[in-house]
Amino acid sequence: MIDENVKIHDFFSLEMKVGFVASEKQKINDFAFNMWIFIPNSLDINRFTYTKEEFYRDLTSHIRLITPSYLLKNIADQQLPPFSFLKNSIDKLLSDQSKVNMISYEYQLKMFLSIVKSALREEVSHLANGTWKNDRDISILSYLSNIEKIATRYRSHLPRLQSPTVSKELLEYFQFGDEFLSNLIEFHTFRLIQALKERHSGTFERTKGALLAIVNKEIAYKKEKGYLIVEDGVNRNNHELVLHLGMLKKYAESDLYLDVKKGKDGAWVEQILFSLAAGLSMIFATVIAFSFQHKYGTFTMPMFVALIVSYMLKDRIKELSRYYFAHKFNKRYFDHKIKISTHSHEVGWVKESMDFISEQNIPTEIVKKRDRSSILEANNRAGSERVIRYQTLMQLNRENIDTNGEYPAAGVNEIFKLNISHFIQKMDNTEFPLYFPDNDAGYKIVHGEKIYYLNLILQAKNREQWDLKRYRIVFNRNGIQNIETFD
């Protein structure tokens, strides 16, 4: 199964999170994912102005394991994972600070934090978007009770780690987690307050006091511990806080990210083909030289001319052969092959390629999903859009994923970030003058906003089933304005 989500990352970047869920019944799982980008021709983006190298500079991706899924109420139960796993790793560390126990302790700590983060996000989304009404207030109180239990039970281990036998470094790891956990509770509770205020005003008024109480409690706790907090109007401190939050997040989630090793797909085949091209050109030059030498002798003018001509043609034959073989090579091989692995096991590989696709080579179902308007379809005969196809093939080894740790992993997430700065370089100004009748002055000028549409079609295949989703990116010289989703 493949899941995807597209959102705005910043003014000039899209973020696409694609989940590849590996079946537990299959050892080897194969996936295919295509991204079709329809670009207005007026932006002058084509294979001559926008190269593969520039595209891959604009597209960054990170591959990580899917966070194990737990309900918040189950996390709050210290007899169940992940609390039981965390407690056991601390117990082993306190009894024997071996390298194995230290690695296990840090791993369980990071996994606990990642799982809590994921559970908080899902719980808040459920509370904010659920259609039920009668028990929303009760569920919010349950949410508050669970996060208070989680924070209290996590912090109950701190005195145990303040033993003289525990190194300062290992204690700091736990304190990093403590600060990160406090920030998670504060952030997601504010998200819940904002969502309730915008969508469920009655529930907001009834639960606002209790929600703010848990936030204020965490802020007071962070002050007590000397952790950074948000300060109103103190920009320098808030700059440091934003940087610190990013570092904590990177630390807490680092064990989910996979090691990647990128190389050219079929590199040795490419070198063999290029060597063959050089050999063909040398065969031609040698045949010419031998033929003229046999007929006219070694030191003659015809032999001299033949050597010059054969040398000139040899290079052209070599380049034409290289071009021919490269064309055949690119049709069969991808641009890159990426090996993905944990610290100890290779879990699979990813292949990726990018190219501009002509209109006649776009599959019918993609054109249909693009759903061009009549005027655009008429203009498209003159080439009103350019189309980029980005292909990804992924293979995952289910057994190797399962051996990564004590937690079951459903598969991997690949997170793409596409920067569209190249696409705005030849845009018009955002303001567009429009005339409107006025009885006194005769007319007045109304300022309209010039926008462009970037249509994105995501095509995913798993077990012979293709899924299509279309997104329309609204943007102009000021950046991305909105993302529209079409079923």
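Everything numeric here is computed off the predicted structure, so don't read it as measured data.

Rules of the game
- Residues numbered from 1 in each chain as written.
- Predicted model: local features only at pLDDT ≥ 70, side-chain atom pairs only at ≥ 80, totals over all residues.
- Heavy atoms only, no water.
- Helix = DSSP H or I, 4+ residues; strand = E, 2+ residues; numbered from the N terminus.
- Expected span 1.5 Å × (residues − 1).
- Bend = angle between axes of the 7 residues up to and from the residue.
- Buried < 20%, exposed > 50% of the residue type's maximum accessible area, 1.4 Å probe, protein only.
- Contact = heavy atoms within 4.5 Å.
- Axes fitted to C-alpha atoms, helices over the stretch in contact; angles between N-to-C directions.
- Parallel < 35°, antiparallel > 145°, perpendicular 65-115°, else oblique.
- 1 Å grid on protein atoms, 1.4 Å probe; cavity = no way out; pocket = protein on both sides within 12 Å on 5 of 7 lines; lining within 4 Å.
- Points joined across faces, edges and corners; volume = space filled by probe spheres on them.
- Nonpolar A, V, L, I, M, F, W, Y, C, P; charged D, E, K, R; others polar.
- Pairing = 2+ DSSP bridges.
- Core = buried A, V, L, I, M, F, W, Y, C linked by side-chain atoms within 4.5 Å.
- Salt bridge = Lys/Arg side-chain N within 4 Å of Asp/Glu carboxyl O.
- Phe/Tyr/Trp six-rings, centres within 6.5 Å; stacked < 30°, edge-to-face > 60°.
- Lys NZ or Arg CZ within 6 Å of the ring centre and 35° of its normal.

A. Seen up close, helix 8 (residues 201–225). Between its first and last C-alpha, helix 8 extends 35 Å over 25 residues, near the 36 Å set by a 1.5 Å rise per residue. At Thr-207, helix 8 shows its maximal bend, which comes to roughly 55°. Within the span of helix 8, buried status applies to Thr-203, Phe-204, Thr-207, Leu-211, Ile-214, Val-215, Glu-218, Tyr-221 and Lys-222. As for helix 8, its buried residues are in contact with helix 5 (136–155) and helix 7 (168–199). At the C-terminal side of helix 8, Gly-226 shows a positive phi close to 85°.

B. The arrangement of the packing of helix 4 (residues 99–129) against helix 7 in detail. Remark: helix 4 packs on helix 7, axes separated minimally by 9 Å, with the N-to-C direction vectors making an angle of 5°. Taken together, the axis directions place helix 4 and helix 7 in an arrangement best described as roughly parallel.

C. Fine view of empty space enclosed by the protein. In this structure the tally under the stated criterion is 1 cavity of 30 Å³ or more. When its volume is computed, the largest cavity comes out at roughly 60 Å³. If you go around the largest cavity, the residues you meet are Leu-65, Ile-66, Pro-68, Tyr-107, Met-111, Leu-256, Ile-401, Asn-404, Gly-405, Tyr-407, Pro-408 and Ala-409. Here the lining of the largest cavity is composed, by residue class, of 10 nonpolar, 2 polar and no charged.

D. Fine view of the pairing of strand 2 (residues 13–21). Within strand 2, 7 of the 9 residues are buried, which leaves it mostly tucked inside the rest of the structure. Taken together, the 9 bridges between strand 2 and strand 9 (residues 411–419) define a ladder with antiparallel strand orientation. Of the residues in strand 9, the one forming a bridge with Val-18 is Glu-414.

E. Molecular detail of the nonpolar core. Within the largest apolar cluster, 99 residues are counted, with the highest numbers of intra-cluster contacts made by Phe-55, Tyr-143 and Phe-475. In terms of residue count, the dominant contributor to this core is helix 4 (12 residues). Not counting chain neighbours up to four residues away, the residues in contact with Tyr-143 comprise Leu-72, Leu-120, Glu-123, Val-124, Leu-127, Ile-185, His-188, Thr-189, Leu-192 and Leu-211.

F. Quick look at the environment of Phe-290. Relative to the assigned elements, Phe-290 resides in helix 10 (residues 267–296). In this structure Phe-290 comes out as exposed when scored by relative accessible area, which is 57%. For the pair formed by Phe-290 and Leu-307, sequence separation is 17 residues and the distance between their alpha carbons is 9.9 Å.

G. Broad picture of the pattern of salt bridges. Inspection of the entire model under this criterion finds 22 salt bridges. Across the pair Glu-148 and Lys-217 runs a salt bridge whose closest N-O atoms are separated by 2.5 Å. With a gap of 69 residues between them, Glu-148 in helix 5 and Lys-217 in helix 8 connect regions that are remote in the sequence. For Glu-148, a relative accessible area of 34% gives the class partly exposed. When its relative accessible area of 41% is taken as the criterion, Lys-217 is described as partly exposed. Between Lys-262 and Glu-352 there is a salt bridge whose closest N-O contact spans 3.2 Å. Remark: Glu-352 occurs in strand 7 (residues 346–357) and Lys-262 occurs in strand 5 (residues 259–264); sequence separation between them is 90 residues. By relative accessible area, which is 3% here, Glu-352 ends up buried. The network of salt bridges with shared partners includes Arg-64, Lys-117, Lys-249 and Glu-253.

H. Fine view of the packing of aromatic side chains. In total, this model carries 17 aromatic pairs according to the counting rule given. Where Phe-55 meets Tyr-56, the ring centres are 5.5 Å apart and the plane angle is 75°; that geometry is what we call edge-to-face. Tyr-56 shares its class with Phe-55; the two are buried. Taking 4.2 Å as the distance between ring centres and 5° as the angle between the ring planes, the aromatic pair formed by Tyr-154 and Phe-174 counts as stacked. With Tyr-154 in helix 5 and Phe-174 in helix 7, the pair connects residues that are 20 residues apart, well separated along the chain. Feature note: the residues Phe-33, Tyr-50, Phe-55, Tyr-56, Tyr-390, Phe-416 and Phe-423 constitute an aromatic cluster, connected by ring pairs. Lying over the aromatic face of Trp-349, Lys-337 brings its terminal NZ or CZ to 5.4 Å of the ring centre. Arg-370 extends its terminal NZ or CZ atom over the ring of Phe-38, reaching a point 5.8 Å from the ring centre.

I. Just unusual backbone geometry, in detail. Across the junction of Pro-81 and Pro-82, the peptide omega takes the value 5°, indicating a cis bond. For Pro-82, the position within the fold is in the loop between helix 2 (72–75) and helix 3 (83–95). A positive phi angle, close to 55°, is found at Asp-44, a residue other than glycine. For Asp-44, the position within the fold is in the loop between strand 3 (28–40) and helix 1 (52–58).

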